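Chain residues, written in single-letter form:
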2 protein chains.
Amino acid sequence: MKVPVGISNRHIHLSDREVAILFGDDHELTPFKPLSQPAQYAAEETVTIKGPKGFIEKVRVLGPTRRQTQIEISRTDCFTLGINPPVRDSGDVEGSAGLEIIGPNGSVHIDEGVIIAQRHIHMHTKDAENYGLEDKDRVFVKTGGDRSIIFENVLIRVSDKFSLEFHVDTDEGNAASLKNGQLVEIISVHILR
Amino acid sequence: MKVPVGISNRHIHLSDREVAILFGDDHELTPFKPLSQPAQYAAEETVTIKGPKGFIEKVRVLGPTRRQTQIEISRTDCFTLGINPPVRDSGDVEGSAGLEIIGPNGSVHIDEGVIIAQRHIHMHTKDAENYGLEDKDRVFVKTGGDRSIIFENVLIRVSDKFSLEFHVDTDEGNAASLKNGQLVEIISVHILR
């Protein structure tokens, strides 16, 4: 049960409202390159994000726009910004952290929307059938190599719009010396104390 | 079998020769605060380290001086600097990466000495006896919490000069949302494929 790795750098999903504030009223995001998940793309647009302690420039906007703005950053970024967002599944932003987003046309402060993304596996419905797994299952993932890690509680997300990929952030990727496209393994684990 | 966590930020151990070049001929390191391992200390001195792609300022010098200069950085730092050091046990620097070290009195280029430290557990001889472990054993360490990780191949280092601590770098600490002093667990693992 092998799965290719996709390492997510910090990024931001914007709502139409925030695109208008940051880039101008009739602005539409410009696709820059497609992502591995169908119809998703990295946009040419970037923003600056700013917390009480510091800021990070050139944060990539992903498209298409979403109902609610969501910013996914690493724990390392949190120390730079001086904020303490929760570890959450994508879309679960209620009561998460806020910060200031700065674009070329204006800036906006959001009260919530900043999360550290919980690692997860995107899986097409057919992959899930093959593997005997269901949406919202949790599995162990073993990486291999000289810094091998077994990630616990990896969320399985199943859709006929997904292609198979294990998503981690840069902290997780660097901790295990992972590279994009590298294969990792879904395993079962017996823990003996 | 619980062990407290110690997260190591990037740091540098200097030889007497490099202290003289960087800080001046008769300079001696000034202890700033003691580390958890006996007789080791963070010094008041810091240096800048510089690679082909970028530099990092205020890298803490640890004392006392050593026979050979050794710089321990994270994979995240490697991207900033533009170098690709190996993952190594402390002291094993042959053929590792190099960079430029800049101090207030001068600078020096080292050809080797830069490593990403292999995570390890420092353990007093009495702890090792209690746990039934020996120097150079490898164990699994489970962290707990919502980003729980099982670290494989954790090196056991036993000495009557060591106090019990699980040493990871900032990438590993951030990937698992660890805090200094948090307790983690040495476990046995049965992997089923």
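Residues numbered from 1 in each chain as written. Chains lettered and ligands numbered in written order. Predicted model: local features only at pLDDT ≥ 70, side-chain atom pairs only at ≥ 80, totals over all residues. Heavy atoms only, no water.

- Chain A appears in an unreviewed UniProt entry as Phosphate propanoyltransferase from Desulfuribacillus stibiiarsenatis.
- Per its UniProt entry, chain A bears the Cofactor (unreviewed entry) comment "Zn(2+)".
- Regarding chain A, the UniProt comment filed under Sequence similarities (unreviewed entry) reads as follows: "Belongs to the PduL family." (UniProt positions renumbered as here; feature names shortened; annotations may be inferred.)

### Examining the interface of chain A and chain B
Reasoning step 1: In this assembly, 33 residues from chain A lie in contact with 33 residues from chain B.
Reasoning step 2: Carbon and sulfur atoms make up 46% of the area that chain A and chain B hide from each other, which totals about 2900 Å².
Reasoning step 3: Of all residues in chain A, Arg147, Ile150 and Asn174 of chain A bury the most surface against chain B, accounting for 21% of the area lost on that side.
Reasoning step 4: If you look at where chain A meets chain B, you find 6 salt bridges.
Reasoning step 5: As a salt-bridge pair, Arg147 of chain B and Glu172 of chain A come within 3.3 Å of each other at their nearest N and O atoms.
Reasoning step 6: Counting across the interface, chain A meets chain B through 20 residue pairs in polar contact (both at pLDDT 80 or more).
Reasoning step 7: Elements supplying a minimum of two residues to the side of chain A that touches chain B: helix H2 (75-81), strand S9 (107-117), strand S11 (138-142), strand S12 (149-158), helix H4 (170-175) and strand S14 (183-192) of chain A.
Reasoning step 8: Among the elements that line the side of chain A that touches chain B, the one with the most residues is S14 of chain A, at 7 residues. (Contact = heavy atoms within 4.5 Å. Buried area = accessible area lost by both parts, 1.4 Å probe. Salt bridge = Lys/Arg side-chain N within 4 Å of Asp/Glu carboxyl O. Polar contact = N/O pair within 3.5 Å; in protein donor to acceptor, adjacent residues only side chain to side chain. Helix = DSSP H or I, 4+ residues; strand = E, 2+ residues; numbered from the N terminus.)

### So, the nonpolar core
Reasoning step 1: Core analysis: the largest hydrophobic core is formed by 41 residues, its most contacted members being Ile121 and Phe166 of chain A together with Ile121, Met123, Val141 and Phe166 of chain B.
Reasoning step 2: In terms of residues, this core owes the most to one element, strand S12 (residues 149-158) of chain B, which gives 5 residues.
Reasoning step 3: Contacts of Ile121 of chain B, omitting those with residues within four sequence positions, involve Val3, Val139, Val141, Val154, Leu155, Ile156, Arg157, Leu164, Glu165, Phe166 and Ile186 of chain B. (Core = buried A, V, L, I, M, F, W, Y, C linked by side-chain atoms within 4.5 Å. Buried < 20%, exposed > 50% of the residue type's maximum accessible area, 1.4 Å probe, protein only.)

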